[in-house]
Structures are given as C-alpha cells and as structure tokens.
Amino acid sequence: MLTGESLAVLSGVLAHRLVFIHGEWHLLVATLVVSHLALLGGLYALRAVWAEYVPDQALPHPVTLVCLYLSSLFSSIAVYRVFFHQLRHFPGPRLAAVSKLWHVWRCRSSRGHHVLEDWHHKYGTFVRTGPAEITIFHPAVYEAMDGPGNQNTRSDWYDLLQPRISSIFTRDRALHIQRRAIWTHALSSSAIREYHPRILAKVRTLTELIGAQKSHPILINEAMYWFAFDSMGDFAFSEDFGMMKNKKWHRVIFTFRSALALLGPFSPAIWIPRLAFAFIPGLWWARWWFRMLSFCDKCMERRMKRVLPDKDIASFFIQDHKASVNENKALWLSGDTATLVVAGSDTNAPTLTHLFYFFARYPDHLEKVYQELASLSSLEDTVGLAKLPHLNGMINETMRLLPAVLTFGTRVTPPEGLTIEGTFIPGGTKLCAPRYTIGRLESAYAKPHEFIPERWYSQPELIRDRRAFAPFGVGNTSCVGKNLALTQIRLVAAALVSRYHINFAPGSNGEQVERDMKDQLTAQPGACRLVFVERE
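Residues numbered from 1 in each chain as written. Predicted model: local features only at pLDDT ≥ 70, side-chain atom pairs only at ≥ 80, totals over all residues. Heavy atoms only, no water.

- The name an unreviewed UniProt entry assigns to the protein is Cytochrome P450, from the organism Aspergillus bertholletiae.
- Quoted verbatim from the Cofactor (unreviewed entry) field of UniProt, the annotation for the protein is "heme". (UniProt positions renumbered as here; feature names shortened; annotations may be inferred.)

1. Some thoughts on a nonpolar patch on the surface
Then, number 1: Residues Leu7, Leu10, Leu14, Leu18 and Val19 make up a contiguous nonpolar surface patch of about 430 Å² in total accessible area.
Then, number 2: Within the element layout of this structure, Leu7 appears in helix α1 (residues 4-20).
Then, number 3: Accessibility expressed as a relative area gives 42% for Leu7, which makes it partly exposed. (Patch = residues over 30% accessible without salt bridge, like charges linked within 9 Å, V, L, I, M, F, W, Y side chains within 5 Å. Areas by Shrake-Rupley, 256 points an atom, 1.4 Å probe, with all protein chains shown as cover. Salt bridge = Lys/Arg side-chain N within 4 Å of Asp/Glu carboxyl O. Helix = DSSP H or I, 4+ residues; strand = E, 2+ residues; numbered from the N terminus. Buried < 20%, exposed > 50% of the residue type's maximum accessible area, 1.4 Å probe, protein only.)

2. So, the pairing of strand β12 (residues 529-534)
On a regular strand, each side chain points to the face opposite its neighbour's, so the side chains alternate between the two faces of the sheet.
Then, number 1: Two strands pair when backbone bridges link them, and strand β4 (residues 218-219) and β12 are joined in this way by 2 bridges, in the antiparallel orientation. Across the sheet, Ile218 pairs through a bridge with Leu530, a residue of β12.
Then, number 2: Where strand β9 (residues 500-504) meets β12, 5 bridges bridge the pair, whose relative direction is antiparallel. Paired with Phe504 across the two strands is Leu530, which belongs to β12. (Pairing = 2+ DSSP bridges.)

3. Regarding the state of the cysteines
Then, number 1: Applying the stated criterion to the full structure yields 0 disulfides.
Then, number 2: For the unlinked cysteine Cys479, the closest cysteine sulfur is that of Cys296, found at 17 Å. (Disulfide = S-S within 2.5 Å.)

4. So, the side chain of Gln488
Then, number 1: Within the secondary structure layout, Gln488 lies in helix α23 (residues 482-497).
Then, number 2: Judged by relative accessible area, which is 4%, Gln488 ranks as buried.
Then, number 3: Setting aside chain neighbours within four positions, we find Gln488 in contact with Ile199, Phe227, Ser231, Phe235 and Asn348. (Contact = heavy atoms within 4.5 Å.)

5. Quick look at the sheet that holds β9
Then, number 1: One open sheet accounts for 3 strands, arranged β4-β12-β9; its pairing is antiparallel. Unpaired on one side and paired on the other, β4 and β9 mark the two borders of the sheet.
Then, number 2: Running at roughly 90 degrees to β9, helix α18 (residues 348-361) makes contact with β9 and β12 of the sheet. (Axes fitted to C-alpha atoms, helices over the stretch in contact; angles between N-to-C directions.)

6. Here we look at α23
Then, number 1: The end-to-end C-alpha separation of α23 is 22 Å, in line with the 22 Å expected for 16 residues at 1.5 Å each.
Then, number 2: With 14 of 16 residues buried, α23 is to be regarded as a mostly interior element. (Expected span 1.5 Å × (residues − 1).)

7. Digging into a positive patch on the surface
Then, number 1: Taken together, the side chains of Arg251, Arg287, Arg291 and Lys298 make up a positively charged region of the molecular surface.
Then, number 2: Tallying contributions element by element places helix α15 (residues 284-304) first for the positive patch, with 3 residues.
Then, number 3: Summarising the element assignment, Arg291 is placed in helix α15. (Lys, Arg positive; Asp, Glu negative; His and termini not counted. Charge placed at Lys NZ, Arg CZ, Asp CG, Glu CD.)

8. Section: the packing of helix α21 (residues 389-401) against α23
Then, number 1: At a closest axis distance of 11 Å, the pairing of α21 and α23 adopts a crossing angle of 120 degrees. Comparing the axis directions of α21 and α23 gives the class oblique. Between α21 and α23 the crossing geometry is right-handed. From α21, Leu391, Asn392, Ile395 and Met399 reach across to α23, where they touch Leu486, Ile489, Arg490 and Ala493.
Then, number 2: A class-by-class count of the residues in the contact of α21 with α23 yields 6 nonpolar, 1 polar and 1 charged. (Parallel < 35°, antiparallel > 145°, perpendicular 65-115°, else oblique. Left-handed = near helix turned anticlockwise from the far one by under 90°. Nonpolar A, V, L, I, M, F, W, Y, C, P; charged D, E, K, R; others polar.)

9. Side note on the packing of aromatic side chains
Then, number 1: Counting across every chain of the model gives 22 aromatic pairs.
Then, number 2: Each ring, one from Trp183 and one from Phe317, has its centre 5.0 Å from the other, and the planes form 70 degrees; the classification is edge-to-face. You can see Trp183 sitting in helix α8 (residues 173-186) and its partner Phe317 sitting in helix α16 (residues 313-323), a full 134 residues away along the chain.
Then, number 3: Classification of Trp183 by relative accessible area gives buried; the value is 7%.
Then, number 4: Of the residues examined, Phe317 reaches a relative accessible area of 1% and is grouped as buried.
Then, number 5: When the centroid spacing of 6.2 Å and the interplanar angle of 20 degrees are considered together, the rings of Phe358 and Tyr362 count as stacked. (Phe/Tyr/Trp six-rings, centres within 6.5 Å; stacked < 30°, edge-to-face > 60°.)

10. Observations regarding the domain arrangement of the protein
Then, number 1: Taken domain by domain, the protein holds domain 1 (1-84) and domain 2 (144-212 + 220-348 + 407-474).
Then, number 2: Between the C-alpha centres of domain 1 and domain 2 there is a distance of 41 Å.
Then, number 3: On the side of domain 2, 10 residues touch domain 1, which itself brings 7 residues to the contact.
Then, number 4: Counting the surface lost from both domain 1 and domain 2, the interface buries some 700 Å², and carbon and sulfur atoms represent 75% of this.
Then, number 5: On the domain 1 side of the contact with domain 2, His26, Leu27 and Val29 bury the most area, a combined 64% of that side's loss.
Then, number 6: One salt bridge connects Glu24 with Arg171, and the closest N-O pair in it is separated by 2.8 Å.
Then, number 7: Inspection of the region where domain 1 meets domain 2 yields 2 residue pairs in polar contact (both at pLDDT 80 or more).
Then, number 8: The residue makeup of the side of domain 1 that touches domain 2, split by class, is 5 nonpolar, 1 polar and 1 charged. (Domains from an automatic or database assignment. Buried area = accessible area lost by both parts, 1.4 Å probe. Polar contact = N/O pair within 3.5 Å; in protein donor to acceptor, adjacent residues only side chain to side chain.)

11. Overview of unusual backbone geometry
Then, number 1: Cis geometry is found at the peptide bond from Gln162 to Pro163, where omega equals 10 degrees.
Then, number 2: Tracing the chain through its elements places Pro163 in the loop between β3 (153-154) and α8.
Then, number 3: We note that Lys214 has phi near 50 degrees; this positive angle belongs to a residue other than glycine.
Then, number 4: By the element assignment, Lys214 lies in the loop between α9 (189-211) and β4.

12. Some details on the UniProt feature "transmembrane region" (unreviewed entry) in the protein
Then, number 1: Using the residue numbers shown here, the UniProt feature "transmembrane region" (unreviewed entry) corresponds to residues 27-50, 62-84 and 252-272.
Then, number 2: For residues 62-84, helix accounts for 100% and strand for 0%, while the C-alpha atoms at its two ends are 32 Å apart.
Then, number 3: For residues 252-272, the end-to-end C-alpha separation is 24 Å, with 71% helix and 0% strand making up the annotated structure.

Here it is as structure tokens:
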C-alpha cells in the first residue's frame, strides 16, 4: 500500500510528465500558485477530518506532503531537461539548461549583454541558454528568424503586456499584420514630411539647451532622453512634456524609466514580473510599471478629447479605434499607446548618446562629418543628410558596436524545426539573437572591435557578412519607425556638429559609457559628460 509520502512523490513526477511538460505556462503562473496554495489548504482540511474519524492513524503533515510533491516535481523537471530534452546535445551552462532562473541571477546587475558575450566565447556559436532556448551568435540568424518565408512565431516575452495588445506585443501573425498597417500609415514618408516642422522645432530646442551651458559640461544622456521624450510627446500626442525647456525630468517619465529597469534582470524569465504584477502590484518596481501604463493611457485619453488641424501619430490609432467594432479595441489602443511611448523614445535616446560619445572619442571623424555638412546648402535638408557618407557611416558604426537594443529579440521555431547554417534547431525552441555580440563577430567584420565608419562606404571589404547588421530588424517585423528615427538622429547630429567642437568633460575619457552600460530592454549607457565649445 502506498503511503502518503509515496503518493506525494509520485504525484510530483506525474504532474511533470502528464501536465507541465506540455505547452506554455507563463500566463498561468499566478493561477498555479493559487492552485498549489489551495492544495495545501485542502490537505490541512483533509487531515483535520481524518483525525476526527480515524484518530489512531494520523496523516502526514500537509507541509511535508507539499514539500515532497514539489521536490519530486522539480527533480523530474531538472532530470528531464539535463538528460532527455531535445536540446541536451547543445553546449551551454548546465544550470541554464535546468532553469532560466540561472540566467536571471547572472543578469541581476542588468549586464545581460556581457553575460551572453561570455557564454559565446566559452561555448561557441549555438549555445543553450535556457531549458528550451538556443542563443545563436551567427550573422545568418536575423534572416533565419524573420526573413522571407519563415514560419517562426514570437516568444512568450511578447505576452508581457497581456491583456493589452499591439503590433509589437502580440504573437498572433494576422493581428500583427492588421495593427502594423496602422503604424505603416502613421510613419510613412508622407507622414514624416508632415512631422518635419515638429522635428526641427525640437532639434532647435535641444540646440538651445546645449548652448545655454556655455561650454560647461552637460550630461548628454539626460539631454538626449529629454529630447527623445519631448519629441515623442509632440509627434505622438501633440503634447510637449517640456523637459528640455524646464531642464528637468517630468516626474511620471522618470518613473517610466524606472519601470523599464525591471526588464534588465527579468527579461529572460518574463513569468517573474507577471507573477509580481498579479500578487504584489504595490511593490516598488511593479507599482512603477502600472504607473507607466496609466501614464500612457492618460496621454491617449487627453489626445482623444482634442480636435487638431494637423495629424499626429495618435490620430491614426484614434481613427481606427472609432471605426472598429471589435470588443478588444480598447485593449488594442492601450497596447499601441504603450508601444508608441516606449518605442518612440527609449531607442533613439541611447543611440544619440552613443553617437555623441563616439564624436567626442574620435575627433578626426567628427571633423570629417563637419566638412561634409559644409557641403549642404541647408542643414535641415533630410535628403541631403541621408546622402552624407561619413555621417551615415558613423551612425551605422555606432549602431553596430552599441546597438540601442543589446540582446533582445526572440522567436520560437515551428513544429518541424529550423536549420541554420547546417545546424538543426528542433521545433518549439526559443531562438535569441543578441545584437551586441553579433555586431562584433570576426566572421562578420574585419577589425570588429574598432570604430571604422569607412567600412560602410569606402572600405566595404571590412564587412565580411552584411547579414550581421540589422539594427532595426528584418522582414515584416522590422521597426516601422526606422525612417523617423534616422531623420531625427541626422538632424540632431547636423545641428550640433555644425556649431560645436565636442569633447569629454575635464578629467573624463568617456570610459564609463560602455563600462557602466546596462541592458534593460534598451541600452542604458553609463554617464557621458560632454563639453560643447562653439566653433569660430
């Protein structure tokens, strides 16, 4: 006859083999916790009833039974993942194969790009970085994940905003295509031309902010974030957050930045923040997260109450929202609004910071850009700026070495699996493609750790495999805001380089920019203090 302890152990093994080994559970993690707590309560109740009717045969303590059950469950999971899983032959950290919690622990200081870089050097090109996850350090990975004809799907990470949904935060291909069409209209070439006066106005405000320092050091990270958020507010909602004019952070947007910080350690295991959202929404970083979402929704609510003569990005989503009869349209609007706020500001700011860091670090390249700008009849000519080889070479080289998104980008292979450069990846495997490391591969670039803008125009032999460069992604999931982002970056560079010499602040060589950089969904560079000295 089986004892209570034996049944608990057997139940753990069966729960794994019959239930948890199948499907995804990240959206049900809160339910699972509640269910297991209910199980514990039920065992206490059963023990009390049993003691009343069979006083001579005491049942084992409920806590003992639950501990045996959980120990058996997790032991079964660990043994399976290490010795029997379909990815068991791929190299990688053994503890990462057991649980993504190991990856989370390694990323606790938000240095995920260095963690993956170290694993690449230790384990090679195809590295098992999770129970069902392979991180690929190869130039072909972007095309394999998102190129034409691929059948991959987005990973569990894209359920982060559930039940909110957007073009980015959905795993439904058809819905992605439907929502992306709105973004395409809102960020088309004709739309960007309409936004052009707004862009120029914000660039002038940034220039005035820099000029007001009168050759005193300025924390360029802060200035570029203010510029990015003020610009996003204007293009997206026709609302100026006023940070550049007031020279200080908007209180809610500072909270917004803090909320995104939780994605540094927890992006590898998205079930952890979802668990926190469910049970401890008042915890400091969880509370910031909900404040961020509330801020985004309120921006859209204010915008919907206004009738404006000119279109902004929000107007396209409002039009769709009013025309839609879908019961989920409020969740769609909320999801797209959150995406608009994050994607519209939190990627441009680090790219601009990195670019000006390189301007200060390499004054010879800065002067080459200055000479190019002198050839233009107008520094507001976006077509002319797009044709300047050294300026655009510097932008590309900046995005290669210090991409705005350092490690993020995950897909799940179709049931039949996928072959990448002769290596078969089984079906249902999460694929990761860290841009930080791929941008420094010797197989893709000669002198990969050197800053050489000429590789993008006059020395193409220094690029061995162009597939490795995908700062905005590829295919129908690529960044739809690419043209707007590049327009802003070029105009900011032209306005400031044409007017100033750019140097590091006295006593600084800028080393902390890369040394202290954090990976928090987007790159958060270390402090970069620069001095802008007006040209004669």
